[in-house]
Structures are given as structure tokens and as C-alpha cells.
Amino acid sequence: SDGSKYFQATLYNGTGSELEVDQSGNSTFQPDFVWIKNRSNAGNEHDLYDAVRGATKAIFASAANAESTQTQGLKSFDSDGFTVGTRGEVNTSGSTNVAWQWLAGNTTGSTNDDGSVDSTVTVNTTAGFSICKFNPGGNSNITFGHGLGVAPRLVMVKNLEDATNWQVLHLDQGVGNKLFLNSSNAIASDANMWQNTAPTSSVVSVGTSQTTNEQNIAYVWNEVEGYSRFRSYEGNGNASGPFVYTGFTPAVVLWKNIDTSGNEWLIMDRTRNPFNVNNGRLF
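Once a new chain begins, its residue numbering starts again from 1 and follows that chain's sequence as written. With the structure being a predicted model, the display of local features is reserved for residues of pLDDT at least 70 and the display and counting of side-chain atom pairs for 80 or more, all residues being used for whole-chain, interface and lining totals. Hydrogens and waters are ignored; side-chain quantities use all the structure's heavy atoms.

### Here we look at the sheet that holds strand 6 (residues 68-69)
Logical step 1: Being paired, for any two strands, means DSSP has found at least two bridges between them. Secondary structure elements follow DSSP: runs of H or I of four or more residues count as helices, runs of E of two or more count as strands, with numbering from the N terminus. Here we have 6 strands laid out as an open sheet, ordered 1-9-3-4-5-6, and antiparallel in their pairing. Each end of this open sheet is capped by a strand with a single partner; those strands are strand 1 (7-13) and strand 6.
Logical step 2: Pairing between strand 3 (residues 33-38) and strand 4 (residues 46-50): 5 bridges, direction antiparallel. Following the sheet pairing, Lys37 is matched in strand 4 by His46.

### Brief notes about the nonpolar core
Logical step 1: For our purposes a nonpolar core is just a set of buried Ala, Val, Leu, Ile, Met, Phe, Trp, Tyr and Cys residues, chained together by side-chain atoms within 4.5 Å. When accessible area is computed with a 1.4 Å probe and restricted to protein chains, residues below 20% of their type maximum are described as buried, those above 50% as exposed, and intermediate ones as partly exposed. One finds Phe33, Trp35, Trp100, Tyr219 and Trp221 to be the most contacted residues of the largest nonpolar core, which totals 28 residues.
Logical step 2: Among the elements of the structure, strand 1, strand 3, strand 9 (96-102), strand 12 (129-134), strand 14 (154-159) and strand 19 (216-221) are those that each provide at least two residues to this core.
Logical step 3: Core analysis: the next-biggest nonpolar cluster, separate from the first, contains 18 residues, Val121, Phe134, Leu169 and Phe180 among them.

### Some details on the sheet that holds strand 8 (residues 81-84)
Logical step 1: Judged by pairing direction, the sheet is antiparallel, and its 3 strands sit side by side in the order 2-8-7 without closing on themselves. Strands at the two margins of the open sheet, each flanked by one partner only, are strand 2 (19-22) and strand 7 (74-78). In this sheet, adjacent strand axes meet at a mean angle of 20° when their direction is disregarded. In this analysis, axes come from line fits to C-alpha atoms, helices being fitted only over the stretch in contact, and the angle between any two N-to-C directions falls in the range 0 to 180 degrees.

From the geometry alone we can't say anything about function, so treat these as descriptive.
The following block contains the structure:
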């Protein structure tokens, strides 16, 4: 009933010097996954940090880049938020920024041996979210454990050591297709990416697209009634658009036109735009 115990969107102004960013919901928590976007400066990446990889370890939702160490990026996960250093993409002086924050298990992870390869997992089964680090070890068609106890509907995977595309599995897109978080490409057929196999209550199947002996990170969500929903809808071409039922007032909405290339992923949230019409889009 209190979504702010598990997710928050926080706005802050950059100072150019080390800055502690505090949450402001009904509840607060130490985040395990923080997604930061500088709203003022065009061209800045979406910086992602998580507790399994550790503070200062950045990957970018908007790029295929491998993981990099940003000593002045997110420097720590705090009891009610996080601290950033002087890195411009998260703390330019005078900039406005947004940080979307999720609570997983509040640990750096433990070994999960449900899959054909072990994964390091921190999981919050109440909120339906886990962070999983795994290495295919040169094997194709592997599975990794996610710890949720129910089958997930959204999985995002990134190779940490190579400049490769983010792989996105949204259950409504079908397990025989591929979609990339860092790309405006339309959905395309690919039976190998997810082994043409839906996730189960214990594992996610990864196909021949991820086989190298390199570390990968996965962010995995299942639906929680009244808190989260991962579905699809069909556009109608009308100015008012279709009504999309979620069962609750969303704090953040992430969506993608999957039929036509050239359409970016879009993010809106209720913190930046608390009133309708909500048109504060980030790409």
C-alpha cells in the first residue's frame, strides 16, 4: 500500500561538488538500483548503478558501452538515498536531475544455484524485483536464477565487459523476439536470444547471444498487484489515445513503440510532472 517503501523518483539540483541526495516519500530506504538522468544537458547518458556491482560502477541505459568506473559518479548507497560526486552527468552545477530508485534485498547479493550457471542475486519478493549478476562461462543456452519465486515479466540484461546492446525481454513481446534498451529499432524475430523459452519461477533462459566468459548484469521484475504492471497496448491514432489499465496510479511509466524503427524509449514520472496533461518526456 506504500509504494515509496520500494520505489522512489527523486529530483535534485546539481551543485558541482559532492552531494547527498535524500528521498522524500512516505517511507525511505537504501536503494539497490539507481537510474540517474541529467535533465538540463542534452546528450548526457542515463547512468545506472546497483549494489551488486557496487558504487562508482556505471553502465548506461542509453548506450552499448561496457561498465566503467566513475569515481565521481554515484559514490555510495545511503540509508535514505545516495551520494554523488562531481561527475557532470549526475551532478553538473546548476543542473536539474532525476533519480529513479528501486529496493531489492539491501545486500550485495548471495549465490543462487537454480540455473545452469550460478548467479549473484539480491531480491525483494514483496516488490517483485531482483538484481542478478552471472557469467555464461563460454556456454551457450544457459539459465540463471533470479530468486523471485514467480515468473518475471520484464528482464533487462547487459554484458558488463563488452560494448554490446542491452537485451530486453518483455513477456508480451514474445520469447522468440529481440528488443534493445539502447536502440530505437523495432522488435525483430530472434529465437536464439531467449532460447524461445519463457522465464520460470526460478530461472531466466539466455540463448546464443550471451555465451562469452564475461560478467553480465540482469534487472528482473515480476508484477505485484497494485504496485507494478508490465503489459502491452495497441495505439489508436487518436489525440486522446487509448486508456491503459494498471490498477493503480503509476509513479513512473517506461514504454516503447515496438512496431516501427526510429521510435525511442520514453520515460515519464509523476514526480517531475505531478499534474495532467503529463508531457515531461525523457528519451
